[in-house]
Every structure is written in structure tokens, then in C-alpha cells.
Amino acid sequence: MNESRNPVELFEEKAKAVSALVTRVASMREAVAYALDVCDTKQACQLLVSGCSEPLSEKGQALCETKQQKVIAAPGLPPELFAELEAGARERGVLCVEKGMREHLGGVDIGFTLVDFGIAETGTLVINSNSEELRLATMIAEFHVAVLSRSKIRETSRDLEAELAALTSVQPSYTAFVTGASRTADIERVLALGVHGPLELHILLLED
Amino acid sequence: MQHAKNLKEYRAELREALGDEFLRQAMDKFARFYPGARARAFAGMDVDGLIHEIAEAKDKAAARMDELYEAFKAKAEAAGVVVHLARTAREANEIIAAIAKENEVKRIVKSKSMTAEEIHLNHHLEAEGYEVTETDLGEWIIQLRGEGPTHMVMPAIHLSRYQVADLFSEVTHQKQEVDIEKLVKVARRELRPRYIEAEMGISGANMAVVETGAIGIVTNEGNARLVTTLPRVHVALMGLDKLTPTLAEGLRVLRVLPRNATGQAISSYVTWINGRNECASSPDGKKIMHIVFLDNGRSALARDPLFSQVLRCVRCGACANVCPVYRLVGGHRYGHIYIGAIGLILTYFFHGRDKAKNLVQNCINCGACKAVCAAGIDLPMLIKEIHARILDEEGHSAPSTLLAAVLKNRKLFHTLLRSAKLAQKPLASGGYIRHLPMLLAKDQGFRTLPAIAAKPFRDLWPRIRPETKSPRYRVGLFSGCVQDFVYPEQCVAAVNVVAGKGAALDFPLDQSCCGLPVVMMGEIEAAREVARQNIRALDPGKYDYILTLCASCASHLKHGYLKLLGDDPAWAVKVRQFADKVIDFSSFAHDVLKLGPEDFRKDGGSVTYHAPCHLCRGLGVKDAPRDLLRDAGLDYKPSEEEEVCCGFGGTFSMKFPELSAELLAKKLEHAEATGAQTLVTDCPGCVMQLRGGLEKKGSSMRVKHMAEILAQQIK
């Protein structure tokens, strides 16, 4: 980079450039409210997940039918935060789970997770995904809502080298860099989001 | 995939590809999109510095491949991973099949791996009775069609949405709409059950980091994350060249790979996996994990002083993205498994001479791949070297041996050129050969070819030799054969421009062809002999500059000679001195003589420019010619894709006239679209191609060498 920029602003710009939706939030409570709001008003939560309205093979259709309710998956949250999310979800008639992701492989509506670090120059989230539940929640979900503390954002991957070395040296470990939604351009180079993973990535930048 | 048995069959395949309208459009669209996207992705970064660091680090890693392997193995095995080393493709296939068997696997899901393509892993596993599903969308599509990839990172770039809709209709037994968004969602839902059912996932890997013990996988779709999470067994397959000593080096590759591949700052997902992670479907709750390293000739390559650099390749596919030939014919005709420039090379080492022998001739030597390579691999040079080796292995063809013999003997060569002038007499009219006998000019109808000049430059020289009093520079002029025997007027023009500006010119008559044509034919010994003759003729001790008006000659004299003679103790110093003094005409006029607006007349009309490959990339000269045009009182109108090859490529245009014609047509279309009166370039080969094409189509646009347009404008 030629000039040094405010990493939070740079992060915001770069993440938006790869179609992530970035919102600043002042507290965890606000983040939870955002996730519930996305579920509610933006109608992310729906019985029929993406692709299930297309004409599918019998096997494809059968998996669609295993999803019987609206689901938010939120593994790895501190207990009080999960309780808050769960209470809000229950009011809305939405199931909120923190484990048992393999029971929901047909699809979940929202995956709500915390993020370890952000890399500003690429708009990348670094997520310790050692937990299989967390890994699946961030892949199976239609929308991924991720909470990143602003103080955890570094300008480049080089500025994060020590932390990344520490994360990826743990045995066993599974570390994910996530930049924008799941994407493909394999058909005629036309960009399409949500080929295997989330169709939308919402990043909540938490004040701290 | 390569099936052609000989060049004739290969050419027939190329013609077929040229007729594929969709392919042509798709490739063209991408070729136009890519350079800008790459430039934007690297904006503000020191790209050359990064590439240099990657090259250096990869070379060091290749040199200690065995040690890195042992260290990685120890680290990964401490975390419960089983690490295998497969010496051959066969061994790798058997190891992976044995892992499947021992774990009672029936169904396998795969994420994208070029290494798996290299060893035909799917064929082997399917023959052993396993059900294998590719999960990368492009790979799944080509798997369903029973094809190989046509691009390293965009395997299905050759297919249309209509073809995909038909294919998915078959797979789902449901009529699918021709709508990309919807087709992608269908794939999402159809592949999801496959991940869930599979007992084993196979992935590739972009790096294996020795200091951490983790492997790194770069994807956009996220399929690798599901492949490595849901099934109880994970096998990662990668070449030994993916061993990376430190995470810092891995992160550096990551800064370049996606930017160079698709113009993305980073791919959507990068996944680092270290050891046996949580896995609920495994009996003990932990993933059964195997890593298979493939040698398949890599450790032999690592020990080769010349070819070890191919192990630097990070598989970004950029060499295909910018290749003008790939752009015309697509990946199925421009590689076997690996495609693009690196594919031509890897095919020889991984899949054998038979698959590579036609491919390596289909390089036009424009250098676009070398200029864009993420690891600074000298791809065109290696392709030519392989061509030469195949000739040595299979025997040189009669025309090639004949050309080599003739070029080695300057007097014979020049006598033949002079007698060619006599032979063509009844055929030439107005300077163009109108009716070349078919024998000489097979499929050359797309352009007129020039006649041999009445008097070569060497015969004109004694008469026009200028006297320069108290010269500032002593300059040896190297004409090259085309300007000596076909376009002597270009050299005369150069003499007129240079003479009054303080340069004392000399034109030693013992100089001969620069030797590039024999390099292109794979005749390396003849190329060395010709190089020695020219260095003897133009002794660098006598001159400040060795000036040439031919971009191809200049690039070959400057870089090619060093490669040919640099390691020969008897010639090393002289060839280095020689190379240091070689300069192209535009740089000499602009940078040395410092010609500026005050030296030229105004109102010289409108011009556009074609940048010869060997000037803009071969010598890195980009600004001097364009500045000269503006300074020389000309209205310079830049054209689109000014630095893309015109399709000449010397012997290439004789061997692959269909491809040459297509490249020329595109070039002329861009030039004419500027509305300029004159097309200027810096190389007689390009002049021959461009002028021949314009003449053939009856265009009013004129072609001039830079020396000619400057001679016209100089005061």
C-alpha cells in the first residue's frame, strides 16, 4: 500500500468491494438485534432455502424437505449472548441452535459467529474454525452474520503474521480466511454468489 | 487433451477450435478483461519485487525439497496425519485407492486439484469401483461431460450457459432454465447431498507450510471447506513443489496468486488445516487425515539447473490468460492436462514427448506469459528448449536441418537470398509477390509477401556511408536479414536520421542472420555458431552501441546470445560486452541522441503504433517509441491492445498460418479503428506482416518503420 490508511475504513471499503454488507455496531446487544432483524424484516429466514424452488433431482429435493423450520445457528458464543439471541429467536418462532449442525445440513437460515481478526487490505475475516459446529454454521448458512471487533483489524496479512502463525500452528486446527460470500464465475465468467456457502456475508464492526 | 499424432492432425484440431464461435467470443472477452483487472488488483503494490521474492524463495525451497518433505512429514505426523510420498502417478493413485479401501469408503467428493488431474485420479478410483464427484462447479460440469479442464482456474470457460442447462437437465431429469443464477443454485442443491453421503473427501492444496505443519487451500466457492469437513476421511494431494518453509512465504504467494489468476485481491476462502480436526462422522470423533505428496518427476526437475524454475509455478493460469494463441484455440488445444505456456512445458515432463511435441511448436514467442508470470519463469525460453530437446530425441526434420546448415554459412545464405531475387522476378510486381508458387506459400493467402529488394543494404552501404566529423558515438549497425535483403530502405532511413546527429556509423559486412529463426526451429547448435560469427563481425570493443532496427534481432542479440554463449568460458566476457551495447532504434534516437520536437517538422499526419513483442516485453522499451511519435510532429492515436502480438512470429506464421492470420486480422481491426493514416512499428518482421495484411485487404492505411517516419519528419 502506498499510503497508510485507517484500517477500519479500509476494511469497510474492501469488504464492500467483494459484496459483503458492512455495518458498524456499538455493542453485542446491537449485533444480536441486527441478526434477528435480518431474520425478520429482510426475510432471510424462510422455509424454502435457495435452490429448493428449482426443479431438482429426487435426492436434491429430499434434502430440501429435511428443513422443517426457520433456524439460526450460533455456535461458539458466550452463554449469556447465546441466551439473548435464543430468547429473541424464540419470540419470532425461529429455532436457535449452538450445536448439532449435522442435523441441519439441509440448510440453516442464519449463521451467527464471532470473528478473530480482520485483514483490511482485502476485507478478510480470520475465523478460528477448530470447532466443527462453527465450521459448518459458517458454510451451511444462507446468510452469515459475523461480528468483528474493530480493534482486531490489521492493515495487511503481514501485520498479522505472528497471530496467524499461532492460530495455524495449533495441532489440530482449522483456520478460515473468509472474504465476501461464496462465489463462482464458472459459467461464462458471470459472477454468482452462494454456490456452496453463504449467499450473503454480513459483517458487523463492533466498537471496543 | 492431446490426441494428434503429428503436426498435420494437430493443425486440423486447431482449425476446428478456430471455428468454435462461442469459444472464440468467451476467450476474447476474458483476454480483454484480464489485463485491466490484474492492474487494478496490484495497484500500489511492488509487483516486480513480489514476483522476484517468490521466485527466489521457490528456488530455495526446490533446492531443499527432500529436507522440507521430511520436516513437514515429522510435523504433520506428530498431529496424527499419515503422510505419503508417491514417486509416480500410478503410486499416488494406488495409495489413495488403498486409503479408500482400508476405510470402507464407497463415495468420494473432491475439491479442485490440478495434481489429481495430472495423475488421472478419477479414472483410477472409478475403475476401482468408487463413486467420485467433483464439487467445484466448473470441475463438476466438465466431469459430467467427460472432459478435461480448459483453464487452470476456470476449467469450464469454454462452455455456454445453454450447454450447462442441457447438462443439468440430464443430471436432474428435470427441465432446467437457461439462467446462470438458477443453474448455480441447482448445483448448490444437487451437490449438497453428495458431501453428506461421502465417506471420503479429496482436496488439493496450494501449500504445505513446514514451520506450522498446516496445509493451505485457496478456493472461491467454499467447496473445499465442505469436502474437508463433512466426510470422515480427508486425503490432501499435492506436488512436492507445494512445500513452503514458512507461513510468511505462503502468505506472500497468497498476495500474488489470486490477483494474478483472476484479478481478485484474495479468493473468497483460504483454508488452513493442521492435523486431525473434529469430525463427528469419524469413529473417534477426529478426522482420518492423509497427505499424499506427488513426485512424478519433480525431484529430478529440482536438480536441473535450467528447468528447476518450472517448480516455481503457483498454478495461477495467468500465462494462459495473456497468451494470444490460447485465446484463439482454448485450453483443449493448448495443453494436455496443464494448459497455457506452463502447460506446454509440464506436458513434456509429466505426460511425455508424444503429447508435447506438437504443442511446443505452437508458441509464437511473444513473451506475454513471461511478463505476467507470478514467479518470473522464463516460459518462452523453456518452451524453445524443450522443442530443441524433442528434435534431438526424435531427429531433426529435413527443412530444419537444411535451414541450420544454410544459416551457419553466411556466404551461402546470402548467395541464396540474392538468387532468390532472380527467381522471383516474373512473380513480383509492385514490390509484392502476387503469385508465389504453392510449394513455397502454403496457406499464406491471408497476406501478400514482399519481394527481395533489387539491391541489398550491404550493396548500398559503400555509396551512402556518411562521414561524421568528431563523432560523439561509435555505432555498429546490425541490419538483420530482413532489412538487409527485403527492406534496405529502412536502414537507409535510419542512416539519414542518425547521420547528422553525431553518431559515426559502421556496417561490418561479415554480419549474418541473428539466428533467432534457428532457435525457433530448435536448432541450437546452429544458433550458437551464428552468434559467434556476429560477435566476431561486430566486435563490441570497437563500438559504444550496437544498433539494430529489428526488435526481434535486438532482443535476441541482447538476451538470447547470453543464454547461448554465456556459459562458454571462451565467449562469456565478449558476449556480455556485446549484449550490454545492443540497443534498439527508438531507444537510441530518443534516449541517446535525445531527438526532440526541435529536431522535427510539424504536421506529419496521424499515426497509430504497433508495439513489437520483442521491443515492449523483450527489451522493456515502452515509452521511447511513443514519445518519439509525439515529438516528431505526428498525431499519435493509440490503438486498442497495442502490445498484443501481430501474429508474425517468424517461422510461426509459416507453420501455423491460420493462427497467424487471425492474430493479424484482430491487430489490423484495432489499428484501422483509430482512423490514423499510418501504422508505425519498430520491427521489419511486424512491418512485413502488417503491410502484407493491409495490402491484401486493400486498405488505404500505410505501414512504416519508425526509422522511415522519423526520416520523413526530421529537419
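Whatever comes next refers back to the structure up there.
Keep in mind that what you see is a predicted model, and the values were worked out from it rather than measured. (Residues numbered from 1 in each chain as written. Chains lettered and ligands numbered in written order. Predicted model: local features only at pLDDT ≥ 70, side-chain atom pairs only at ≥ 80, totals over all residues. Heavy atoms only, no water.)

Asks: What am I meant to see in the interface of chain A and chain B here?
Replies: By a frequent convention, interface size equals the accessible area lost on bringing the separate parts together. Taken together, the 66 residues of chain A in the interface contact 78 residues of chain B. Taken together, the two surfaces of chain A and chain B that pack against each other cover about 6200 Å², and 53% of this comes from carbon and sulfur. Our count for the chain A to chain B interface comes out at four salt bridges. Here Lys59(A) and Glu197(B) are joined by a salt bridge, their closest N and O atoms 2.8 Å apart. Taken together, the connections running from chain A to chain B amount to 43 residue pairs in polar contact (both at pLDDT 80 or more). Elements with a contribution of two residues or more to the side of chain A that touches chain B: helix 3 (58-64), helix 5 (132-140), strand 7 (141-149), helix 6 (161-169), strand 9 (173-178), strand 10 (183-184) and strand 11 (192-193) of chain A. Taken together, the residues that form the side of chain A that touches chain B break down as 28 nonpolar, 25 polar and 13 charged. Pairing of strand 9 of chain A with strand 9 (residues 269-274) of chain B, which is carried by six bridges, proceeds in the antiparallel orientation. (Contact = heavy atoms within 4.5 Å. Buried area = accessible area lost by both parts, 1.4 Å probe. Salt bridge = Lys/Arg side-chain N within 4 Å of Asp/Glu carboxyl O. Polar contact = N/O pair within 3.5 Å; in protein donor to acceptor, adjacent residues only side chain to side chain. Helix = DSSP H or I, 4+ residues; strand = E, 2+ residues; numbered from the N terminus. Nonpolar A, V, L, I, M, F, W, Y, C, P; charged D, E, K, R; others polar. Pairing = 2+ DSSP bridges.)

Asks: In this structure, what is going on with unusual backbone geometry? I would like to understand it.
Replies: Omega for the bond connecting Gln171(A) with Pro172(A) falls within 30 degrees of zero, at -5°, which places this linkage in the cis form. Relative to the elements of secondary structure, Pro172(A) occurs in the loop between helix 6 and strand 9. The backbone phi angle of His120(B) is positive, close to 55°, even though this residue is not glycine. Relative to the assigned elements, His120(B) resides in the loop between helix 6 (114-118) and helix 7 (121-127). Unlike most non-glycine residues, Asp603(B) shows phi in positive territory, near 55°. With respect to the helices and strands, Asp603(B) occurs in the loop between helix 29 (585-592) and strand 18 (606-610). With a relative accessible area of 74%, Asp603(B) lands in the exposed category. (Buried < 20%, exposed > 50% of the residue type's maximum accessible area, 1.4 Å probe, protein only.)

Asks: Even after reading the chapter, I still don't get the pattern of salt bridges, so can you show me in this structure?
Replies: Pairs may arise between side chains of opposite charge once their charged atoms sit close together. Residue and element names in this part refer to chain B. Evaluation of the coordinates by the stated rule reveals 64 salt bridges over all chains. Salt-bridge contacts for Glu 640 lead to Arg 32; the nearest nitrogen and oxygen are separated by 2.6 Å. On the criterion of sequence distance, the pair formed by Glu 640 in the loop between strand 19 (635-636) and helix 32 (651-655) and Arg 32 in helix 2 (residues 21-41) is long-range, its members being 608 residues apart. Among the residues examined, Glu 640 registers a relative accessible area of 43% and is labelled partly exposed.

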